[in-house]
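# Coordinate inspection notes
Residues per chain are reported as follows:
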Amino acid sequence: MRLPSLLFGVALAAPAIADQPLRVTTDSPEYCGLLAARLTAQPAADAQAMALAAEGLRLCDSGHFRTGIAKLRRAIRAAHPPGG
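Read on for a plain summary of the structure. (Residues numbered from 1 in each chain as written. Predicted model: local features only at pLDDT ≥ 70, side-chain atom pairs only at ≥ 80, totals over all residues. Heavy atoms only, no water.)

### Here's the deal with the overall build of the chain
The line we're drawing: Comment: elements are numbered from the N terminus, with helices defined as DSSP H or I runs of at least four residues and strands as E runs of at least two. Each residue gets one of three labels from its accessible area relative to the maximum for its type: buried under 20%, exposed over 50%, partly exposed in between, using a 1.4 Å probe on protein chains only. Only the protein chains shown count as cover for residues, and the accessible areas themselves come from Shrake-Rupley with a 1.4 Å probe.
Per the secondary structure count, the chain includes four helices and zero strands. Ordered by position from N to C terminus, the α and β elements of the chain give α-α-α-α. Split into buried and exposed, the 84 residues of the chain put 23% on the buried side. In the form shown here, the chain has an accessible surface area of approximately 6100 Å², with 63% of it arising from carbon and sulfur atoms.

### A short note on the state of the cysteines
Convention followed: For this text, the term disulfide refers to a pair of cysteine sulfurs within 2.5 Å.
Per the stated rule, a full pass over the model turns up one disulfide. Across a sulfur-sulfur distance of 1.9 Å, Cys 32 and Cys 60 are joined as a disulfide pair. On the sign convention where negative means left-handed, the S-S torsion of about -70° between Cys 32 and Cys 60 marks this disulfide as left-handed. Of this pair, Cys 32 sits in helix H2 (residues 29-40) while Cys 60 sits in helix H3 (residues 47-61), and the two are 28 residues apart along the sequence. Accessibility assignment for this pair places Cys 32 and Cys 60 in one class, buried.

### Observations regarding the pattern of salt bridges
Pairing between side chains of opposite charge can happen when the charged atoms of each approach one another. Definition in use: Basic side-chain nitrogens of Lys or Arg form a salt bridge, by our definition, when they fall within 4 Å of a carboxyl oxygen of Asp or Glu.
Counted by the stated rule, this structure contains two salt bridges. Asp 27 serves as the salt-bridge partner of Arg 66, at 2.7 Å between the closest nitrogen and oxygen. Residue Arg 66 is located in helix H4 (residues 65-79), and its partner Asp 27 is located in the loop between helix H1 (2-18) and H2; the two are separated by 39 residues in the primary sequence. What makes Arg 66 exposed here is its relative accessible area of 64%. By relative accessible area, Asp 27 is classed as partly exposed at 39%. Among the salt bridges present, the one from Glu 55 reaches Arg 58, with a minimum N-O distance of 2.8 Å. Linking Glu 55 with Arg 58, this pair stays in helix H3, spanning three residues, or about one helical turn.

As structure tokens, this is what we get:
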């Protein structure tokens, strides 16, 4: 039977998830600022990442939080060094 082995794998993964702190995010100006601060703390942020961040902040400032947050997250991913 395939089902019990699948459930066994899920049971093993549950403690690893429970050990991670819960991070609640909201579509808010504060979260936009948090993401922008996280980006500025990354030394590998290049012009492309900074352009995405600027667009994200502009969107957040005009009330488009979800779209702005998406851009800021893309900027953070773009600023990560390869393999890091």
